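Here are the chains, one letter per residue:
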Amino acid sequence: MNFFKKFLKKESDTPEEVLKENRTLEEVISELSKQEIRLSYSKTEEALPVGSSKLGGQPDLPAEFLWPKFEGKDYRDDSVKLRPLAFLAQINLKDVATYDQEGLLPKTGLLSFFYEVTSMPWGFDVADRGCAKVYYFPDTTTLRSTPLPKELEEEGILPECAVSFSAHISLPAYESFAELDVTKQLGDEVFEDWDAYDEYCGELGCEPDEMGDRAKLLGYPDLIQGPMEEECEMIARGHYTGDSEGYAKVSEEEKEDIKRKAKDWRLLFQMGTVSTEGYELMFGDCGHIYFWIRKEDLLARRFDRIWLILQCG
């Protein structure tokens, strides 16, 4: 199929004019593509064995584990309180090892994800640090099913759900496509708009997440409010990102450095609305939460250095 013929903006455009470096669109897409590991889940009636991949229920933790807490403002009534984080999910890394083609994740052990769902911090402020946690337990034989804290509010008690995994091609969202180095002379010249780009991605098996409920490991995020990599880098440097004033305080020189260093950030885990019989956990208005980590920290297993961002419509 000739994708240039389908997506070139006007009849005068030719592949020779668009592709300054003799690179085909297929080559560029191939270079950009990653693999994401999607999660499917279903509510269970009986407790899963210790160490199983799952959403919700009681987490499997070491005996000495101290449950994380965060002091935040209740989004419903503005009350400020120290609250335990909700247990979202645990991933037995043996279950996903065959799908991790880049070798980014450990091959064994358990990854556990937590987030404070009563205050639901957005990740704009350095003060949001600690609202989300990721723990890596290399030895699953030392883990045991651990009761949830008694003070955990009902909305933070996810029903236990068995999880299965599948691998899918992952491509950057349209907003990010033209900003990447490999597409500076290609991206926004080839596609008329995001509909054309999404159609192309769909033909490759990378359909957009229109319902806002996709959970996945790795790959590119399903964007709702725009790219987040520079936001992560700014927060890591102590800058506020919740309004334009925070950006205005950053010098042009540092902005350029932030843009360069932003490329180091990778999506670790994304979660959308969790909905099962009798329970629904929505992040904002049909939003997602995204756990981000620098690639060097991911490879060094420094999961305590993640940063969480919430986006919603």
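As the structure is a prediction and not an experimental result, all values here were calculated from the model. By convention here, each chain's residues receive numbers from 1 onward along its written sequence. Where totals are concerned, whole chains, interfaces and linings use all residues; where local detail is concerned, this predicted model gives features only for residues with pLDDT of at least 70, and gives and counts side-chain atom pairs only at 80 or more. For the side-chain quantities, the full set of heavy atoms in the structure was used; hydrogens and water were omitted.

Turning our eyes to something else, we now look at the overall build of the protein. Broken down by element type, the protein carries 10 helices and 16 strands. Relative accessibility under 20% of the residue-type maximum defines a buried residue, over 50% an exposed one, and the middle range a partly exposed one, all with a 1.4 Å probe and only protein chains included. Evaluated residue by residue, the protein yields a buried proportion of 50% over its 313 residues. For this analysis, residues touch if any pair of their heavy atoms sits within 4.5 Å. Nonlocal contacts in the protein, meaning residues at least 24 apart in sequence, comprise 74% of its contacts between residues at least 6 apart. Only the protein chains shown count as covering a residue, and every accessible area follows the Shrake-Rupley method with a 1.4 Å probe. Carbon together with sulfur atoms contributes 47% to the accessible area of the protein, which is approximately 15,400 Å² in total. Secondary structure elements are taken from DSSP: a helix is a run of H or I of four residues or more, a strand is a run of E of two residues or more, and numbering for both begins at the N terminus.

Right, let's talk about the state of the cysteines for a bit. Note on terminology: disulfide describes a covalent bond linking the sulfur atoms of two cysteines. Whenever a pair of cysteine sulfur atoms sits within 2.5 Å, that pair is classed as a disulfide. In total, this model carries 0 disulfides according to the counting rule given. Take cysteine 286: it sits in no disulfide, and the sulfur closest to it among the cysteines is that of cysteine 312, at 8.6 Å.

This part is about the confidence of the model for the protein. When the pLDDT values of the protein are averaged, the result is 87; 87% of them are 70 or greater. Contacts for the low-pLDDT stretch residues 1-20, under 50 throughout, to residues beyond four places or in other chains number 40 contacts. Note: pLDDT gives the predictor's confidence per residue, expressed from 0 to 100.

Let's shift gears to unusual backbone geometry. Where the residue is not glycine, phi is negative for most of them; where a peptide bond is considered, it is trans in most cases. The phi dihedral of aspartate 78 is positive, around 70°, even though this residue is not glycine. Although it is not a glycine, leucine 218 sits at a positive phi angle of roughly 60°. As for its placement among the helices and strands, leucine 218 is situated in the loop between β11 (215-217) and α7 (229-236).

Reading across the sheet, the 10 strands line up as β8-β7-β6-β2-β10-β1-β11-β12-β15-β16 and stay open at both edges, with antiparallel pairing between neighbours. Only two strands of the sheet have a single neighbouring strand rather than two, namely β8 (132-137) and β16 (307-311). Strand pairing is assigned whenever DSSP detects at least two bridges linking the two strands. Of the strand pairs in this sheet, strand β6 (residues 86-92) and strand β7 (residues 110-115) are connected by 6 bridges, and their pairing is antiparallel. Its bridge partner being in β7, phenylalanine 87 is matched across the sheet by phenylalanine 114.

Take the packing of aromatic side chains next. Aromatic pairing here means that ring centres of Phe, Tyr or Trp (its six-membered ring) are within 6.5 Å. Orientation follows from the plane angle: under 30 degrees is stacked, over 60 is edge-to-face, and everything else is tilted. All chains considered together, the criterion is met by 15 aromatic pairs. Ring geometry for phenylalanine 114 and tyrosine 135: centres 5.6 Å apart, planes at 90°, overall edge-to-face. Of the two residues, phenylalanine 114 is situated in strand β7 and tyrosine 135 in strand β8; the sequence distance between them amounts to 21 residues. Owing to a relative accessible area of 0%, phenylalanine 114 belongs among the buried residues under this scheme. Put simply, the rings of Phe65, Trp67, Phe87, Phe114, Tyr135 and Phe137 touch in pairs and so form one group of aromatic residues. Remark: a charge is flagged as sitting over a ring if the NZ atom of Lys or the CZ atom of Arg is within 6 Å of the ring centre and within 35 degrees of the ring normal. One residue, lysine 34, lies across the ring of tyrosine 220, its end atom 4.4 Å from the ring centre.

This brings us to the pattern of salt bridges. Any Lys or Arg side-chain nitrogen located within 4 Å of an Asp or Glu carboxyl oxygen qualifies as a salt bridge. The final tally for this structure, using the stated rule, is 18 salt bridges. Between arginine 266 and glutamate 102 there is a salt bridge; the shortest N-O distance is 3.0 Å. Remark: glutamate 102 occurs in the loop between β6 and β7 and arginine 266 occurs in strand β12 (residues 265-271); sequence separation between them is 164 residues. Given a relative accessible area of 10%, arginine 266 falls into the buried group. For arginine 302, the salt bridge goes to aspartate 297, with nearest N and O atoms at 2.7 Å.

The axes used here are C-alpha line fits, helices contributing only the stretch in contact, and every angle between their N-to-C directions lies in the interval 0 to 180 degrees. The N-to-C vectors of α7 and helix α9 (residues 252-261) enclose an angle of 120°; their axes lie 8 Å apart at closest approach. Relative to α9, α7 is oriented oblique. By crossing handedness, the relation of α7 to α9 is classed as right-handed. Mapping the contact onto sequence places Glu230, Glu233 and Met234 in α7 and Ile258, Lys259 and Lys261 in α9. Relative orientations are named as follows: roughly parallel for angles under 35 degrees, roughly antiparallel for angles over 145 degrees, roughly perpendicular for angles from 65 to 115 degrees, and oblique for any other angle. For a crossing to be left-handed, the near helix must be turned anticlockwise from the far one by less than a right angle; the clockwise case is right-handed.

Before going further, it helps to examine α7. When α7 is considered as a whole, its buried residues turn out to be Glu231, Cys232, Glu233, Met234 and Ile235. Positive backbone phi, at 95°, marks glycine 238, one or two positions downstream of α7.

What follows concerns the pairing of β12. Taking burial as the measure, the 7 residues of β12 include 7 buried ones, the bulk of the element. Relative to β12, β11 runs antiparallel, the two being bridged by 2 bridges. Residue leucine 217 lies in a different strand from β12, and its bridge partner there is phenylalanine 269.

Residues spaced three or four apart along an α-helix face the same direction, because each turn holds 3.6 residues. Turning to helix α6 (residues 194-203), its buried residues number three or more, namely Ala196, Tyr197, Tyr200 and Cys201. Each buried residue of α6 lies within a common arc of 135° when the element is viewed along its axis, so the set occupies one face. Directions pointing from the helix axis toward each C-beta atom define the arc.

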